[in-house]
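Residue-level structural notes
Letter by letter, the chains look like this.
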Amino acid sequence: PNMLIIKQAKDELEEQAANDSNMSLPSQRKEAQEELHDDPASTKIWRLLTNKTFVLTAAGYSLQTFVTGTFAVEAITYLQKVYGWNSTKAGTTFGIITFISGVAGSVVGGLVLDKLKARLPHDSPPYMYCRPALYLLVFLSFASFPFAFIVVIWNTVPVFIIGAALTEFFIFASAGPVNNVILWCVLYEDRPLAAALNTLAIHALGDACAPLAVGAIIDSQTNGGKSDSYAYNFAFGIAVFWLIFSGLAFIGGVCSTSWLERWMVRNGQTRRKTSLLINDPSH
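Below: a short report on this structure. (Residues numbered from 1 in each chain as written. Predicted model: local features only at pLDDT ≥ 70, side-chain atom pairs only at ≥ 80, totals over all residues. Heavy atoms only, no water.)

This part takes up the overall build of the protein. The secondary structure content of the protein amounts to 12 helices and zero strands. Listing each helix as α and each strand as β along the protein from the N terminus yields α-α-α-α-α-α-α-α-α-α-α-α. Of the contacts formed within the protein by residues at least 6 apart in sequence, a portion of 78% connects residues at least 24 apart. Here the protein displays about 15000 Å² of accessible surface, and carbon together with sulfur accounts for 66% of that area. (Helix = DSSP H or I, 4+ residues; strand = E, 2+ residues; numbered from the N terminus. Contact = heavy atoms within 4.5 Å. Areas by Shrake-Rupley, 256 points an atom, 1.4 Å probe, with all protein chains shown as cover.)

Rendered as structure tokens:
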């Protein structure tokens, strides 16, 4: 009899568990459908284009990329025309400068950003990190300008090497902070599209436009009877002023962070940081 009672109880428990499982399936399906819900691309694009911090940060980085695009495309010819170097010497020298400054700048920029983040409470929502990162970007843009400008007004080899190295150091140091701001200032579900639009902007408005604009300036000067050396210095002198405009755009980004904080709260993005993974929903 005891065995029959135990078997009957076991059968009842299994039947109840099966019923509970069947009853929970609709709710589970509903929750899964809600998790899979995503806004249309047009809604996301509009949300990004009306995000002041995102637009100003992307604009500042595009202006900065205009300068790096100018250096990348025209620097070798610049060294040949202004300093009379052959292509091998010019390419080797500029390549070494770019490699050393790029690696050092990228590492230092990331380390400084970590120090600035550490000043905020550990459980701060990610958008709170935008303000210190944008302050860093303002400093880096304005710090790079004088070294870039002195290269084109004082044509000596030591000045070029030191000036170009420091200019590229500060520009590359901006890479980590700017890419983090692009992700921190948008909704979690908009991050992939935000990164893609930022990449499109910096190439379309930055290094794709730079050769066209700088080349047109050089041609206008040489066609007007100016020497190649003068034409290249004049064109580069105009191009490096985009670093000033970049700094101004980042200042605008700093000013927009108060709006960003209110906007994030309205959109429910107040979850605290629980992971260091850059794509974690809570980060």
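Here helix α3 (residues 52-83) crosses helix α9 (residues 209-223) at 65°, and the two axes come no closer than 8 Å. Here α9 runs roughly perpendicular to α3, going by the angle between their axes. In terms of crossing hand, the pair formed by α3 and α9 is right-handed. For the pair α3 and α9, contact is made by Phe66, Gly69, Thr70, Val73 and Glu74 and by Cys209, Ala210, Pro211, Ala213, Val214 and Ile218, respectively. Looking at the contact of α3 with α9 residue by residue, the class counts come to eight nonpolar, two polar and one charged. (Axes fitted to C-alpha atoms, helices over the stretch in contact; angles between N-to-C directions. Parallel < 35°, antiparallel > 145°, perpendicular 65-115°, else oblique. Left-handed = near helix turned anticlockwise from the far one by under 90°. Nonpolar A, V, L, I, M, F, W, Y, C, P; charged D, E, K, R; others polar.)

A few words on the nonpolar core. Residues Phe54 and Leu260 are the most contacted members of the largest nonpolar core, which totals 33 residues. Elements with a minimum of two residues in this core: α3, α4 (87-118), α5 (130-153), α6 (157-173), α7 (175-184), α8 (191-207), α11 (242-255) and α12 (257-266). By residue number, the principal contributor to this core is α5, which donates eight residues. Excluding residues that lie within four positions of it along the chain, Phe54 makes contacts with Leu48, Ile182, Cys185, Val186, Ala194, Leu197 and Asn198. Counting residues in each nonpolar core, the second largest holds 29 residues, with Val214, Ile218, Phe236 and Val240 among its members. (Core = buried A, V, L, I, M, F, W, Y, C linked by side-chain atoms within 4.5 Å. Buried < 20%, exposed > 50% of the residue type's maximum accessible area, 1.4 Å probe, protein only.)

What follows covers the packing of aromatic side chains. Geometry of an aromatic ring pair is reported as the spacing of the ring centres plus the angle between the planes. As enumerated under the stated definition, the model contains 18 aromatic pairs in all. Judged by centre distance (5.7 Å) and plane angle (70°), the ring pair of Phe71 and Phe236 falls under edge-to-face. Here the residue Phe71 occupies a position in helix α3, and Phe236 occupies one in helix α10 (residues 228-239), the gap between them amounting to 165 residues. In this structure Phe236 comes out as buried when scored by relative accessible area, which is 3%. Where Trp242 meets Phe245, the ring centres are 5.6 Å apart and the plane angle is 70°; that geometry is what we call edge-to-face. (Phe/Tyr/Trp six-rings, centres within 6.5 Å; stacked < 30°, edge-to-face > 60°.)

So, about the pattern of salt bridges. All chains considered together, the criterion is met by four salt bridges. Ionic pairing is found between Lys81 and Asp228, a salt bridge with its closest N-O pair at 3.5 Å. Note that Lys81 is positioned in helix α3 and Asp228 in helix α10, a separation of 147 residues in sequence. Classification of Asp228 as partly exposed rests on a relative accessible area of 35%. Here Glu261 makes a salt bridge to Arg131, at a shortest N to O gap of 3.6 Å. Of this pair, Glu261 sits in helix α12 while Arg131 sits in helix α5, and the two are 130 residues apart along the sequence. Salt bridges sharing common partners tie together Asp39, Arg47 and Asp190. (Salt bridge = Lys/Arg side-chain N within 4 Å of Asp/Glu carboxyl O.)

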